[in-house]
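Residue-level structural notes
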Amino acid sequence: MAEAIQQLILDTLDKEGTIKDTRTLTLPGHKDLAASHDSQIIILGALNSLSSRDMISYTTQETISHVLTPEGASIALNGSHEARVWAALPFKGEGDPVTPKDLEAKIGSEIAKVGQGRAFKSKWIGKEGNGLVKTVSSIEDVTQQEMREIDSTGTLKSGEKALAELRKRKLIVQRKGQWFTVQKGPAFSTSTAKPETDLTVDMITSGSWKTSTYKKYNFEAEGIPTNGGALHPLMKVREEIRNIFLEMGFAEMPTGSFVESGFWCFDSLFVPQQHPAREVQDTFYLSDPSTSLPPPKDYYDRVSTVHEHGGYGSTGYRAPWSEAETRKLLLRTHTTASSSAMLYKLAARCRGEEVDPNNDGLATHSGSTQRGKGDSGADATGFRPAKLFSIDRVFRNETMDATHLAEFHQVEGVVADRDLTLADLIGFMRVFFKKMGIENIRFKPAYNPYTEPSLEIFAFHPQLRKWVEVGNSGMFRPEMLEPMGFPKDVHVHGWGIGLERPTMIRYGINNIRTLVGHKVSIEGVEKSPAVRF
């Protein structure tokens, strides 16, 4: 079909020299002239193909026409609403008047409703008793005539005022059309053979390349734009939070171990072995391998003793101790497991143990964490203050909803120094969240097995219009710190916040499943703005 139309255009140009109006053409397989909008679209495709080969040139002429709506098409076929009302009524004095209810039953409620008003206005019908009758012997259905005229010509001889009235009644809609004037191009030919786009081995072998025509290369055409990589909004917020920590003098802890033992994830933090968080409903346990290597024996003995019998000013939990429970392998439920291991290494000097500075994970922390406090290193007891942070994934057997996932990121920080207080922790958290752009925060007393006192941190979510918990904090208990070897006057602040919820607040997201998971929009990731708190 496309080649037949192209040939029609070329033959007409060869015969007449120009085509002044493509609406005068008759398309192959059609009897009528190509005056319709759809016919001109088909012709435009052929013109573009020929123009790309410089065989023709054309100019576009725009027109405004009208087409019937479904209601207008019904009127053109069956008559206007008012005419159908008139036809359904008896002449005055020649039959029983028709009630409005009976009229609706005969011709439909919508037609009766619209038609009665216009028939009354034209004085075609009148009331007689409780019913309606004809008041004129004959009518001229002008609306039907106009619909048929527009259907065949696209306009009305009566002019724009009549068209505007019909548009107002939603019987017709305006449509822009186009037609074309066509001239011969510099490479005009009556042959529609397409030029070659590639030089092939067969063409060289046969010698046909010598007489073939070739399509011109368009060196001005832009190539397909390449898609570059894009950082997920979580990674953007992660990097910004990391920069805040570094700006405040913190050093990053190694947190590459997703699998931890029950000892480091719970026991070393003074979480009782009977705590609900250790049940399979809340924690993912490994089946193969299922047990870990033993922790350092001296430290293990101190931890088990303070759990079962007490110590360091505590009565302990007075509950049976299970070595099997402490050796279970699990997906860590918080990065505090890594913090506990790092604090144990930090306390090594206080215990009088030799530590390899290249292998203790703390060598990079001494300078960056102390300069802000004017500390030049460890004191006489071997203790060295530290400010450490981590941002990594944790896993909990959660029921997923708009604000919870089974896998999420935890931002954690610890500050270890002498004589720290709860006021220091609250003040620090306010400064930290302010740097994140979250100034509307609240603290609520809470319970944690390994911190006392403990505080939950809430931020106001403007999209959800409610306070959302964004973190937990507190001061690590002596039952956790002193078995590690810290002096009694060394206190440690600890806190953890989710990475997902600050990201949701920052980007105005109200369902976490559209931030992480299969519902994430790739386009949304690519177009998400850089984050600056």
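One can find the structure itself at the top, above this paragraph.
Now for a description of the structure that goes with this document. Computed from a predicted structure; not experimentally measured.

Observations concerning the sheet that holds strand β12 (residues 451-461)
Two pairing modes exist for strands in a sheet, parallel and antiparallel, and in both the strands are linked by backbone hydrogen bonds. The mixed open sheet is built from seven strands, whose spatial order is β6-β9-β10-β14-β13-β12-β11. Lying at the two open borders of the sheet, with one neighbouring strand each, are β6 (251-252) and β11 (441-448). Bridge count for β6 against strand β9 (residues 386-395) is two bridges, and the pairing is parallel. Bridge assignment links alanine 251 to a residue of β9, and that residue is leucine 388. Running at roughly 35° to strand β14 (residues 490-498), helix α16 (residues 422-435) makes contact with β11, β12, β13 (466-476) and β14 of the sheet. On the sheet, helix α18 (residues 500-507) packs against β10 (407-418), β12, β13 and β14 and is oriented at approximately 145° with respect to β13.

Description of a nonpolar patch on the surface
Where nonpolar side chains cluster on the molecular surface, the patch consists of Leu199, Ile204, Trp209 and Tyr214 and spans about 400 Å² of accessible area. Considering the arrangement of structural elements, one finds leucine 199 in the loop between β5 (172-184) and α9 (201-206). Relative accessible area serves as the criterion here: at 52%, leucine 199 is assigned to the exposed category.

Quick notes on the sheet that holds strand β2 (residues 56-68)
Strand order in this open sheet of three strands is β1-β5-β2, and the pairing throughout is antiparallel. Two strands bound the open sheet, and with one partner strand each, they are β1 (18-19) and β2. Bridge count between β2 and β5: 13 bridges; the pairing is antiparallel. Paired with tyrosine 58 across the strands is valine 182, a residue of β5. Set on the sheet, helix α8 (residues 160-168) makes contact with β2 and β5; between it and β5 the angle comes to about 125°.

Brief notes about helix α7 (residues 142-153)
Taking 1.5 Å as the rise per residue, α7 with twelve residues should run 16 Å; its terminal C-alpha atoms sit 16 Å apart, in good agreement. Looking only at α7, the buried set comprises Thr143, Gln144, Glu146, Met147 and Ile150. Angular distribution of buried residues about the axis of α7 spans 160°; they occupy a single face of the element. Pointing more than 90 degrees away from the buried face of α7 are the exposed residues Ser152 and Thr153. Contacts made by the buried residues of α7 are with β2, α3 (70-78), α4 (81-88), α8 and β5. Positioned one or two residues after α7, glycine 154 has a phi angle of 85°, which is positive.

Comments concerning helix α1 (residues 2-16)
Three or four residues apart is the spacing at which side chains of an α-helix point the same way, because the helix has 3.6 residues per turn. Helix length check: α1 (15 residues) gives 21 Å between terminal C-alpha atoms against 21 Å at 1.5 Å per residue, within 8%. If you check which residues of α1 are buried, you get Ile5, Gln6, Ile9, Leu10, Thr12 and Leu13. Relative to the axis of α1, the buried residues are bounded by an arc of 160° and lie together on one face. Of the exposed residues in α1, those oriented more than 90 degrees away from the buried face are Glu3 and Lys15.

Overview of unusual backbone geometry
Residue aspartate 288 is joined to proline 289 through a cis peptide bond whose omega torsion reads -5°. Its location among the elements puts proline 289 in the loop between α11 (262-265) and α12 (297-308). A positive phi angle is found at phenylalanine 270, which is not glycine, with a value near 65°. Structurally, phenylalanine 270 is set in the loop between α11 and α12.

Notes on the packing of aromatic side chains
By the definition in use, this model includes 23 aromatic pairs. Look at phenylalanine 270 and tyrosine 317: their rings are 4.4 Å apart centre to centre, the planes differ by 25°, and that puts the pair in the stacked class. Separated by 47 residues along the polypeptide, phenylalanine 270 in the loop between α11 and α12 and tyrosine 317 in the loop between α12 and α13 (323-326) bring together distant segments of the chain. Judged by relative accessible area, phenylalanine 270 falls into the buried class, the value being 2%. Members of the aromatic cluster, each reached through a chain of ring pairs, are Phe245, Phe250, Phe389, Phe428, Phe432, Phe433 and Trp495. Here lysine 134 stacks its cationic end above the ring of tryptophan 86, 4.0 Å away from the centre of that ring. Lying across the ring of phenylalanine 91, lysine 134 places its NZ or CZ 4.5 Å from the centre.

Re the layout of surface pockets
Taken as a whole, the largest pocket holds about 1,100 Å³ of empty space. What lines the largest pocket is a set of 39 residues, and nearest its centre among them are Thr333, Arg396, Phe408, Glu469 and Asn472. Counting only elements with at least two residues in the lining of the largest pocket, the list comes to β10, β11, β12, β13, β14 and α18. Take the lining of the largest pocket: its biggest share by element is seven residues, from β13.

Regarding the nonpolar core
Counting residues in hydrophobic clusters, the biggest one holds 34 residues, and the most contacted among them are Ile241, Phe432, Phe433 and Trp495. Mapped by element, the contributors of at least two residues to this core are α10 (233-247), β9, β10, α16, β12, β13, β14 and α18. Contact partners of phenylalanine 432, with chain neighbours within four places excluded, come to Ile241, Ile244, Phe245, Met248 and Ile497. Counting 33 residues, the second largest nonpolar core, distinct from the first, contains Met253, Leu330, Leu388 and Val414.

A look at the packing of α10 against α18
Running from amino to carboxyl end, α10 crosses α18 at an angle of 105°, the nearest separation of the two axes being 10 Å. Considered as vectors, α10 and α18 are oriented roughly perpendicular to each other. Contacts from Pro233, Leu234, Lys236 and Val237 in α10 reach Glu500, Thr503 and Tyr507 in α18. Along the lines of polarity and charge, the residues of the contact of α10 with α18 split into four nonpolar, one polar and two charged.

About the cut-offs
Each chain carries its own residue numbering, running from 1 in the written order of its sequence. The predicted origin of the model limits local features to residues at a pLDDT of at least 70 and limits the giving and counting of side-chain atom pairs to 80 or more, whereas totals for whole chains, interfaces and linings rest on all residues. Derived side-chain values reflect all non-hydrogen atoms in the structure, with water molecules and hydrogen atoms excluded from consideration. Whether two strands pair depends on DSSP finding at least two bridges between them. By the criteria applied, helices consist of DSSP H or I runs no shorter than four residues and strands consist of E runs no shorter than two, each listed in order from the N terminus. Any two residues whose heavy atoms approach within 4.5 Å at even a single point are treated as in contact. Only the contacting stretch of a helix is used when fitting its axis, a line to C-alpha atoms as for every element, and angles between N-to-C directions run 0 to 180 degrees. Nonpolar side chains (Val, Leu, Ile, Met, Phe, Trp, Tyr) within 5 Å and like charges within 9 Å form the patches, drawn only from residues with over 30% relative accessible area and no salt bridge. Only the protein chains shown count as cover for residues, and all accessible areas are computed by the Shrake-Rupley method using a 1.4 Å probe. Here, a salt bridge means any Lys or Arg side-chain nitrogen found within 4 Å of an Asp or Glu carboxyl oxygen. In this scheme, a residue with accessible area under 20% of its type's maximum is buried, one over 50% is exposed, and one in between is partly exposed, where area comes from a 1.4 Å probe on protein chains only. Here a helix's expected span is defined as the number of its residues, less one, multiplied by 1.5 Å. To be clear, the arc concerns the directions from the helix axis to the C-beta atoms. When the centres of two rings from Phe, Tyr and Trp lie within 6.5 Å, Trp using its six-membered ring, the rings pair. Their planes under 30 degrees apart give stacked, over 60 give edge-to-face, and anything left gives tilted. Two limits define a charge over a ring: the Lys NZ or Arg CZ must be within 6 Å of the ring centre, and within 35 degrees of the ring normal. Each cavity reported here is a set of points on a 1 Å grid over the protein atoms alone in which a 1.4 Å probe fits but cannot get out, each pocket an open set with protein on both sides within 12 Å along at least five of seven lines, and each lining residue one with an atom within 4 Å of a point. Grid points are joined across faces, edges and corners, and a volume is the space filled by probe spheres set on the points. The criterion is simple. A nonpolar core is a set of buried Ala, Val, Leu, Ile, Met, Phe, Trp, Tyr and Cys residues joined through side-chain atoms within 4.5 Å. Any angle from 65 to 115 degrees is called roughly perpendicular, while one under 35 is roughly parallel, one over 145 is roughly antiparallel, and all others are oblique. For this classification, the nonpolar set comprises Ala, Val, Leu, Ile, Met, Phe, Trp, Tyr, Cys and Pro, the charged set comprises Asp, Glu, Lys and Arg, and every other residue, Gly included, is treated as polar.

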